[in-house]
Amino acid sequence: MIVEVAMSLSGFLFLLIIITLVAGERFGYSVISDLDSDTKLQEISKDPKKFKIGAMLALIEHGTIIALAIMLFLAFNPYNIILAVIWTISRITEGLINFYNEKNYWGLLNIARQYSSSSGAEKKSLSELGRSILKTKNSVFAFAQILFSIGTLSYSILFATSEAVPVPAIIGWFGIVASILYGFGNGIILVKPNKAMKIFSVGLLILIFEVVLGGWLLFSPLT
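Residues numbered from 1 in each chain as written. Predicted model: local features only at pLDDT ≥ 70, side-chain atom pairs only at ≥ 80, totals over all residues. Heavy atoms only, no water.

### Notes on the side chain of Thr 64
- With respect to the element layout, Thr 64 can be found in helix H3 (residues 48–76).
- Accessibility expressed as a relative area gives 7% for Thr 64, which makes it buried.
- Filtering out sequence-adjacent residues up to four positions away, Thr 64 remains in contact with Leu 13, Leu 16 and Ile 17. (Helix = DSSP H or I, 4+ residues; strand = E, 2+ residues; numbered from the N terminus. Buried < 20%, exposed > 50% of the residue type's maximum accessible area, 1.4 Å probe, protein only. Contact = heavy atoms within 4.5 Å.)

What follows is the structure in structure tokens.
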């Protein structure tokens, strides 16, 4: 009973993460930010409430990641405790790093206020400061996503190799491929942060994987 509840909650949390990410995008929050700080600061200055909502949705998403790691541990640790510990530590650490990352990102709100009433050298200085924050946000996020990839790879290996786990092996194998490519892509982002927007497109595979896995975990135990 506990395992089935944990599986269903894990599925729900997978989908909730995706929903909050999509909603955050609607409010101007991007997990990988464009480094055009002038445009970003103008957007924030024009609608600071929108920025705040987007940032709050991001915080909800980070908290959900931690809850998901715990639920996955409860659901699947009996099948392989070593892999369960790896994904739990990796994904909880990912969530905590993302929480910390938002502290600096929130600072754009104050910079945007100053930016809107400045000019000349001061405006340029604020623009550079904003760009530095966005660049750091991308780099820290990329590091956190490497931890995400390790965690995703761990439970994907479990799904792919254990016949006892009530998840189709094909989902696990897809997760293995998606997590390796995603981890590799984020490694490149750390080395070449200016390529972030292009390389992050590999995240589409992870998105598909999480939608499929989330749906399976949410509805399969009920059948």
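### Some details on the packing of aromatic side chains
- Summed over all chains, the structure comprises 10 aromatic pairs.
- On the basis of an interplanar angle of 75° and a centroid distance of 6.2 Å, the ring pair of Phe 14 and Tyr 155 is categorised as edge-to-face. Of the two residues, Phe 14 is situated in helix H1 (residues 2–26) and Tyr 155 in helix H6 (residues 120–161); the sequence distance between them amounts to 141 residues. The burial state of Phe 14 is the same as that of Tyr 155; both residues are buried.
- Judged by centre distance (5.1 Å) and plane angle (70°), the rings of Phe 76 and Phe 159 are edge-to-face. Residue Phe 76 is located in helix H3, and its partner Phe 159 is located in helix H6; the two are separated by 83 residues in the primary sequence. (Phe/Tyr/Trp six-rings, centres within 6.5 Å; stacked < 30°, edge-to-face > 60°.)

### A few points about the nonpolar core
- Residues Leu 41, Ile 44, Phe 51, Tyr 105, Leu 108 and Ile 111 are the most contacted members of the largest nonpolar core, which totals 24 residues.
- For this core, the secondary-structure elements that each account for two or more residues are helix H2 (37–46), H3, helix H5 (108–116), H6 and helix H7 (169–191).
- Per-element tally for this core: the top contributor is H6, with 6 residues.
- Setting aside residues up to four positions removed in sequence, Leu 108 forms contacts with Leu 41, Ile 44, Phe 51, Gly 130, Ile 133 and Leu 134.
- Ranked by size, the runner-up nonpolar core spans 23 residues in total, among them Ala 6, Phe 76, Leu 83 and Leu 217. (Core = buried A, V, L, I, M, F, W, Y, C linked by side-chain atoms within 4.5 Å.)

### Side note on a nonpolar patch on the surface
- Residues Phe 174, Val 177, Leu 181, Leu 204, Leu 205, Leu 207, Ile 208, Val 211 and Val 212 make up a contiguous nonpolar surface patch of about 700 Å² in total accessible area.
- Looking at the nonpolar patch, the elements with two or more residues in it are H7 and helix H9 (203–219).
- Counting residues per element, the nonpolar patch draws most heavily on H9, at 6 residues. (Patch = residues over 30% accessible without salt bridge, like charges linked within 9 Å, V, L, I, M, F, W, Y side chains within 5 Å. Areas by Shrake-Rupley, 256 points an atom, 1.4 Å probe, with all protein chains shown as cover. Salt bridge = Lys/Arg side-chain N within 4 Å of Asp/Glu carboxyl O.)

### Considering the pattern of salt bridges
- Counted by the stated rule, this structure contains 2 salt bridges.
- Between Glu 94 and Arg 91 there is a salt bridge, with its nearest N and O atoms 2.9 Å apart. Note that Glu 94 and Arg 91 are positioned in helix H4 (residues 81–106) at a spacing of 3 residues, about one turn of the helix.
- Residue class for Glu 94 comes out buried when judged on its relative accessible area of 1%.

### What to know about the confidence of the model for the protein chain
- Across the protein chain, the average pLDDT comes to 90, with 94% of residues at or above 70.
- Mean pLDDT per element in the protein chain: helix H8 (residues 196–199) is the minimum at 54, and H3 is the maximum at 95. (pLDDT = per-residue confidence, 0-100.)

### Here we look at a negative patch on the surface
- Together, Asp 34, Asp 36, Asp 38, Glu 43 and Glu 128 line one region of the surface with negative charge.
- Summarising the element assignment, Glu 128 is placed in helix H6. (Lys, Arg positive; Asp, Glu negative; His and termini not counted. Charge placed at Lys NZ, Arg CZ, Asp CG, Glu CD.)

### Some points on the packing of H2 against H5
- At a minimum axis distance of 8 Å, the contact between H2 and H5 shows a crossing angle of 90°. Classified by the interaxial angle, the pair formed by H2 and H5 is roughly perpendicular. Listed contacts from H5 to Asp 38, Leu 41, Gln 42, Ile 44 and Ser 45 of H2 are Leu 108, Leu 109, Ile 111, Ala 112, Tyr 115 and Ser 116.
- Class assignment of the residues belonging to the contact of H2 with H5 gives a composition of 7 nonpolar, 3 polar and 1 charged. (Axes fitted to C-alpha atoms, helices over the stretch in contact; angles between N-to-C directions. Parallel < 35°, antiparallel > 145°, perpendicular 65-115°, else oblique. Nonpolar A, V, L, I, M, F, W, Y, C, P; charged D, E, K, R; others polar.)

### Quick notes on H1
- For H1, spanning 25 residues, the distance from its first C-alpha to its last is 36 Å, which sits close to the expected 36 Å at 1.5 Å a residue.
- Those residues of H1 that sit buried are Ala 6, Met 7, Ser 8, Ser 10, Gly 11, Leu 13, Phe 14, Ile 17, Ile 18, Thr 20 and Gly 24.
- Elements in contact with the buried residues of H1: H3, H4, H6 and H9. (Expected span 1.5 Å × (residues − 1).)

### Re the packing of H7 against H9
- H9 packs onto H7 with a crossing angle of 150° between their chain directions and a minimal axis gap of 9 Å. Here H7 lies roughly antiparallel to H9, going by the angle between them. Crossing hand, H7 versus H9: left-handed. For the pair H7 and H9, the contacting residues are Ile 171, Phe 174, Gly 175, Ala 178, Ser 179, Leu 181 and Tyr 182 in the first and Gly 203, Leu 205, Ile 206, Ile 208, Phe 209, Val 212, Leu 213 and Trp 216 in the second.
- Its residues placed into classes, the contact of H7 with H9 shows 12 nonpolar, 3 polar and no charged. (Left-handed = near helix turned anticlockwise from the far one by under 90°.)

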